[in-house]
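These are the residues of each chain, in order.
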Amino acid sequence: MIRLREGRVEAVVATWSGARELKVRLDEPGQGSARALAYPALVGEPAVGDRVLLNTSAVSLGLGTGGYHLVVALLDRTDTERANGDPTGPGHLVKARYTPLQAIVLGVDEEASPHRAAMAATPDLANLPVVVADLHSALPAVLIGVRASTPAGEPPLRVAYLMTDGGALPLWFSRTVDRLRPELCGTVTTGQAFGGDLEAVTVHSGLLACRAVLDADVVVVTQGPGNLGVGTPWGFSGVVVGEVVNAVAALGGHSVASLRLSDADTRERHRGISHHSRTAYGKVALAPADVVVPDGLPPALAAAVARDVAELGDRHRIVDVSTAGLADALRASPLPLSTMGRRLDEDLGYFLAAAAAGRHAAGLAAKRRH
């Protein structure tokens with residue numbers, strides 16, 4: 001059951017695009033103050049003194065929500081007050097459908113959308129490079145790889161981010177995306193995910209929006225922050241990247257597969273190339289992709305990767321990519337790169353693989369541009 005509690009906002013602690021971190025005193029005796037997260041587009045803009053209804057279920061179970069209670073409603077506001085005068089919007093696309101917090105958004109290709117004509121006039125991706133990765137933490141490293149590989153004197157490549165619904169559903173939860181916004185030409189949320197600059201029903205229509213509306217040179221596709229997994233090859237939300245490869249092929253795009261690899265993970269199934277990458281690309285993806293293998297890995301990791309990637313060679317194109325300069329570019333980034341609690345130099349191979357995928361996509365985009 002959903003665990004609901006009431007409280008009162010004591011402070012607005014931090015703000016980023018689409019989200020507000022709050023300090024809330026719970027009404028429940030003995031609970032004191034706690035961190036909470038509000039999405040103003042859903043519940044309105046919170047202020048000190050507001051009474052709030054909180055979903056406390058995940059925190060009470062110790063789940064990985066970042067330690068936040070989630071604001072369900074500002075209890076003393078009317079609909080009009082919460083929506084700054086207009087509680088209705090133009091859209092008819094329902095995300096998080098048939099849940100107590102379903103959201104109504106404007107789909108990029110529905111009739112009321114200003115982009116409907118552009119979408120209708122774009123039947124395919126025209127060989128647009130699409131980088132796919134199974135974890136949200138790969139996104140900044142891919143982008144760093146793209147930027148570090150754009151030839152001097154060339155205009156910056158336009159990079160779009162498409163978020164699937166395997167992790168967090170609101171894109172606003174991602175501080176990574178908030179920090180990357182100046183580097184992105186736009187964001188698209190697909191499936192049950194919402195909060196992007198553009199909203200799409202499927203990965204297919206989301207990919208087309210990246211070309212038709214955002215005029216992207218490169219698209220990066222990952223799930224949102226967090227993921228769902230039970231430790232089995234199939235029981236992991238990131239396996240959907242194999243289906244994204246199929247969607248890219250169906251639309252005439254060019255898939256670039258970023259490998260999840262590690263020599264730092266304590267779990268044997270994730271050492272070398274993670275079993276999740278091997279499942280997604282080796283069994284789910286039925287269409288070929290460029291599987292990027294970074295050079296310059298430590299010898300033991302390089303040997304493990306060479307062993308594991310051999311499983312994928314019959315189905316995909318194995319592409320060796322130089323990582324010259326990428327470690328320095330990653331270290332120079334102001335973003336706090338982290339995956340599964342490990343920082344850049346604690347799991348450098350993981351980030352080099354993602355950056356190398358970005359480098360390869362940048363090369364494909366440069367050829368396509370010319």
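What counts, and where the lines are drawn
Position numbers for residues start from 1 in each chain and track the written sequence from start to end. The predicted nature of this model means local features are confined to residues of pLDDT at least 70 and side-chain atom pairs, given and counted, to a pLDDT of 80 or more, with totals for whole chains, interfaces and linings taken over all residues. Computation of side-chain values: all heavy atoms of the structure, hydrogens and water removed. Every helix listed is a DSSP run of H or I at least four residues long, and every strand listed is a run of E at least two residues long, numbered separately from the N terminus. In this treatment the radius of gyration is a C-alpha quantity, and the globule benchmark scales as 2.2 Å times the residue count to the 0.38 power. Only protein chains enter the accessibility calculation, which uses a 1.4 Å probe; a residue whose area is less than 20% of its type maximum is buried, one above 50% is exposed, and one in between is partly exposed. A contact between two residues is defined here by any heavy atoms of the two lying within 4.5 Å. To define axes, lines are fitted to C-alpha atoms, for helices over the stretch in contact only, and angles between the resulting N-to-C directions are given on a 0 to 180 degree scale. What makes a crossing left-handed is the near helix being turned counterclockwise from the far one by less than a right angle; a clockwise turn instead makes it right-handed. Three classes are used, and their members are as follows: Ala, Val, Leu, Ile, Met, Phe, Trp, Tyr, Cys and Pro are nonpolar, Asp, Glu, Lys and Arg are charged, and the others, Gly among them, are polar. For this analysis, a ring pair means two rings from Phe, Tyr or Trp (six-membered ring only for Trp) whose centres lie within 6.5 Å, classed as stacked if their planes differ by under 30 degrees, edge-to-face if by over 60, and tilted for the remaining angles. A carboxyl oxygen of Asp or Glu within 4 Å of a side-chain nitrogen of Lys or Arg is what we treat as a salt bridge. We treat two strands as partners when DSSP finds at least two bridges between them.

### Digging into the overall build of the protein chain
So, point 1. When helices and strands are counted, the protein chain shows 12 helices and 19 strands.
So, point 2. Taking 2.2 N^0.38 as the reference for a compact globule, 370 residues should give roughly 21 Å; the C-alpha atoms of the protein chain span a radius of gyration of 21 Å, in line with that estimate.
So, point 3. With the C-alpha coordinates of the protein chain rotated into their principal frame, the extents come out at 60 × 50 × 40 Å.
So, point 4. Taken across its 370 residues, the protein chain has 51% of its residues classed as buried.
So, point 5. Of all intrachain contacts in the protein chain linking residues separated by at least 6 positions in sequence, the fraction that spans at least 24 positions is 69%.

### Examining helix H5 (residues 138-148)
Residues lying three or four places apart along an α-helix face the same way, a consequence of the helix completing one turn every 3.6 residues.
So, point 1. The element H5 is largely enclosed, with a buried count of 9 among its 11 residues.
So, point 2. The set of residues buried in H5 consists of Ala138, Leu139, Pro140, Ala141, Val142, Leu143, Ile144, Gly145 and Val146.

### Things to note about unusual backbone geometry
So, point 1. Although it is not a glycine, Tyr98 adopts a positive phi angle of roughly 60 degrees.
So, point 2. Inspection of the secondary structure assignment puts Tyr98 in the loop between strand E6 (93-95) and strand E7 (103-105).
So, point 3. Accessibility expressed as a relative area gives 79% for Tyr98, which makes it exposed.
So, point 4. Positive phi outside glycine occurs at Ala126, with the angle close to 50 degrees.
So, point 5. Here Ala126 is to be found in the loop between helix H4 (116-120) and strand E8 (129-132).
So, point 6. Exposure remark for Ala126: the relative accessible area of 35% places this residue in the partly exposed category.

### Quick look at the packing of helix H8 (residues 240-250) against helix H9 (residues 275-284)
The description of two packed helices rests on the angle between their axes and on the distance between the axes.
So, point 1. Running from N to C, H8 and H9 cross one another at 35 degrees; their axes reach a closest spacing of 7 Å. Once H8 is placed against H9, the crossing between them reads as right-handed. Counting all contacts with H8, which are made through Val241, Gly242, Glu243, Val245 and Asn246, the residues of H9 involved are Ala280, Tyr281 and Val284.
So, point 2. Of the residues in the contact of H8 with H9, the class split is 5 nonpolar, 2 polar and 1 charged.

### Topic: the packing of aromatic side chains
So, point 1. This structure, assessed with the given rule, holds 4 aromatic pairs.
So, point 2. Between the aromatic rings of Tyr39 and Trp172, the centroid separation amounts to 5.6 Å while the plane-to-plane angle is 45 degrees, which identifies the pairing as tilted. Note that Tyr39 is positioned in the loop between strand E3 (33-38) and helix H1 (40-43) and Trp172 in the loop between strand E9 (159-164) and helix H6 (175-180), a separation of 133 residues in sequence.
So, point 3. For Tyr39, a relative accessible area of 10% puts it in the buried group.
So, point 4. Measuring from ring centre to ring centre gives 6.4 Å for Tyr68 and Phe173, while their planes differ by 85 degrees; the resulting arrangement is edge-to-face. Within this pair, whereas Tyr68 is found in the loop between helix H2 (57-61) and strand E5 (69-74), its partner Phe173 is found in the loop between E9 and H6, the two being separated by 105 residues in sequence.
So, point 5. Following the ring pairs from residue to residue traces out a cluster consisting of Tyr39, Trp172 and Phe194.

### As for the pattern of salt bridges
So, point 1. Applying the stated criterion across every chain, the model contains 22 salt bridges.
So, point 2. Measuring nitrogen to oxygen at the nearest pair gives 3.9 Å for the salt bridge that ties Arg278 to Asp308. A residue pair is termed long-range when its members are at least 10 positions apart, and Arg278 in helix H9 and Asp308 in helix H10 (residues 299-309) qualify at 30 residues.
So, point 3. Here Glu311 and Arg278 are joined by a salt bridge, their closest N and O atoms 3.6 Å apart.

### A look at H9
So, point 1. Most of H9 sits inside the fold, with 7 of its 10 residues counted as buried.
So, point 2. When H9 is considered as a whole, its buried residues turn out to be His275, His276, Ser277, Thr279, Ala280, Tyr281 and Val284.
So, point 3. Close packing links the buried residues of H9 with E8, H8, strand E13 (254-258) and strand E15 (272-273).

### A closer look at the sheet that holds E5
So, point 1. Pairing is mixed in the closed barrel, where 5 strands are placed in the order E1-E2-E3-E5-E4. Across the sheet, the axes of successive neighbouring strands diverge by a mean angle of 55 degrees, strand direction being ignored.
So, point 2. In this sheet, E5 lies alongside E3 in parallel orientation, the contact comprising 2 bridges. Bridge pairing in E5 places Ala36 opposite His69.

### Focus on the sheet that holds strand E10 (residues 186-189)
So, point 1. Judged by pairing direction, the sheet is parallel, and its 8 strands sit side by side in the order E11-E10-E9-E12-E8-E13-E16-E17 without closing on themselves. Edge positions in the sheet fall to strand E11 (198-199) and strand E17 (317-321), since each has one partner strand and no second.
So, point 2. Of the strand pairs in this sheet, E9 and E10 are connected by 4 bridges, and their pairing is parallel. When the bridges of E10 are listed, Leu162 appears paired with Val188.

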